[in-house]
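# A structural walkthrough
Listed below are the residues making up each chain.
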Amino acid sequence: MAPRPIIIDTDPGQDDAIAILLALASPEFDVLGITVVAGNVPLKLTEMNARKICELAGKPETKVFAGCARPMMRSLVTAEEVHGKTGLDGPELPDPAMALQDQHAVDWLVETLRAAAPGGITLCTLGPLTNVAAALVKAPDIAGKIAEIVMMGGGFFEGGNVTPAAEFNIYVDPHAAHVVLSSGVKITMHPLDVTHKALMTRTWIDSLKALGNRTGAAAAAMLDFYERFDMEKYGEDGGPLHDPCVMAFLLQPDLFQGKDCNVQVETGSELTMGMTVVDWWGVSGRPANCHVINQIDAAGFYSLIHDRLARLP
Ligand code: RIB
Ligand code: CA
C-alpha cells in the first residue's frame, strides 16, 4: 500500500515531539513537510524544536517551514509552565544543523495543496490552527485537496485545560479553529476527552529509556519533564500524551472510537472563549462537521509508540 502523504502542523512541545518521532518512524507515512506555528512557545523556538526533533530522528532531510508567529485575531498565549522555557525542556539536544526552509509555511501549504490531487494530502495538526486557517482563507480552493484534517484539540465533557471551558490549541486561536471547522473539510478531532484517558506510566517511560537508542533516551527525558505539570495538576500517577493520538489514529484507527457531531467554537465570550461546543447528543439540529474521538485503547497506543521509537537511531 502506498504511503499516506501527510503534512504535520505543530508547536513543539514535548508531546508534539513524540508525535513527530512516531510519524518519522512509520513507513505508512510520506511526511511531505512540517509546518510550525507559535503555541506552546514562540515561533522562533517551535521551529528550532521541530528541526531538533527531525535530527534526533535521523531525518535531517525533512522540510521544516516556519509559519504564523501569532493567532489571527488574539495575542499569543504560550505554555512555558508546561513545556519549559525552550518548549522542549528535558534532554540536552544540539542546535540543529539542518536549515529552516525559506518559504513561509502558509505559502508552502497553499502551493503544495494546489499541486496535489483532489483529497491527496492529510493534515495532522498538533497545535493552534493558525497556519491551516490562514491557508484556507488565502486559498479556499485548497479545501478540496485535503483528504482530511486529523487534529488534537478541544474538549467537552472533560472541560478545558487552559480555562475551565477551553483546551489550549483552540483557546490560543479560536478564530482559526472556527475557520477550519467551517471549511467543509473532513475532520477528526482528538479532544481532552480522549487524551485524558491515556495517561503515561513510569514503567512505560522507563521502557523508552531501556530501548538503548538516543531517541528513547531523549523521549524519556522530555516526558519526565513534561508530565510533572499534569501529574501535579490532576493528582494522577501519569500525564496525558495528547498529540501522538493524531498519528496513532492514522496508523491504527481501531485503537480509537468516536462519533460524528456538530462542533462549534466560542469566539465571543471571554468566559468561554475557545470552548468547543460538541453536540454529542445531536440536539442542535446542526449537521455534523467533525468526527469526535472519545475512547482509546491506551495499552495499544503506548505499545505502538514504544515499538516505533525503537526503530529510530
Ligand atoms: O492541550 C494540549 C495541546 O496543547 C497539545 O497539542 C500540546 O502540545 C499543546 O499544544
Ligand atoms: Ca502541540
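Residues numbered from 1 in each chain as written. Chains lettered and ligands numbered in written order. Predicted model: local features only at pLDDT ≥ 70, side-chain atom pairs only at ≥ 80, totals over all residues. Heavy atoms only, no water.

## Concerning the sheet that holds strand β10 (residues 290-296)
The mixed open sheet is built from eight strands, whose spatial order is β3-β2-β1-β4-β5-β6-β10-β7. What marks the edges here is a single partner per strand, and that holds for β3 (64-66) and β7 (256-261). Ignoring strand direction, the axes of neighbouring strands in this sheet form an average angle of 25°. Relative to strand β5 (residues 146-152), strand β4 (residues 121-125) is paired through five bridges, and the arrangement is parallel. Opposite Cys 124, over in β5, you have Val 150 as the bridge partner. Each of β1 (4-10) and β2 (29-36) touches helix α1 (residues 14-24); the most contacted strand, β1, lies at about 165° to it. (Pairing = 2+ DSSP bridges. Helix = DSSP H or I, 4+ residues; strand = E, 2+ residues; numbered from the N terminus. Axes fitted to C-alpha atoms, helices over the stretch in contact; angles between N-to-C directions. Contact = heavy atoms within 4.5 Å.)

## Here we look at the state of the cysteines
Working definition: the covalent bond between the sulfur atoms of two cysteines is a disulfide. In this structure the tally under the stated criterion is zero disulfides. No disulfide involves Cys 54; its sulfur sits 14 Å from the nearest other cysteine sulfur, which is in Cys 124. Free cysteine: Cys 68, not disulfide-bonded; nearest cysteine sulfur from Cys 124 at 19 Å. (Disulfide = S-S within 2.5 Å.)

## What to know about the packing of α1 against helix α10 (residues 214-234)
Interaxial distance between α1 and α10 falls to 9 Å at its minimum, and their mutual angle equals 155°. Taken together, the axes of α1 and α10 lie roughly antiparallel to each other. Where α1 crosses over α10, the two elements pack in a sense that is left-handed. Packed against α1, whose contacting residues are Gln 14, Asp 15, Ala 17, Ile 18 and Leu 21, the element α10 presents Thr 215, Ala 219, Met 222, Leu 223, Phe 225 and Tyr 226 at the interface. A breakdown of the residues in the contact of α1 with α10 according to their chemical character gives eight nonpolar, two polar and one charged. (Parallel < 35°, antiparallel > 145°, perpendicular 65-115°, else oblique. Left-handed = near helix turned anticlockwise from the far one by under 90°. Nonpolar A, V, L, I, M, F, W, Y, C, P; charged D, E, K, R; others polar.)

## Section: the pairing of strand β6 (residues 187-190)
Taking every second residue as pointing to the same face, both faces of β6 are buried, with Ile 187 and Met 189 on one and Thr 188 and His 190 on the other. Examined bridge by bridge, β5 and β6 share four bridges and lie parallel to one another. Looking at the pairing, Met 151 lines up with Met 189 of β6. The pairing of β6 with β10 spans two bridges and is parallel. The residue of β10 that forms the bridge with Thr 188 is His 291. (Buried < 20%, exposed > 50% of the residue type's maximum accessible area, 1.4 Å probe, protein only.)

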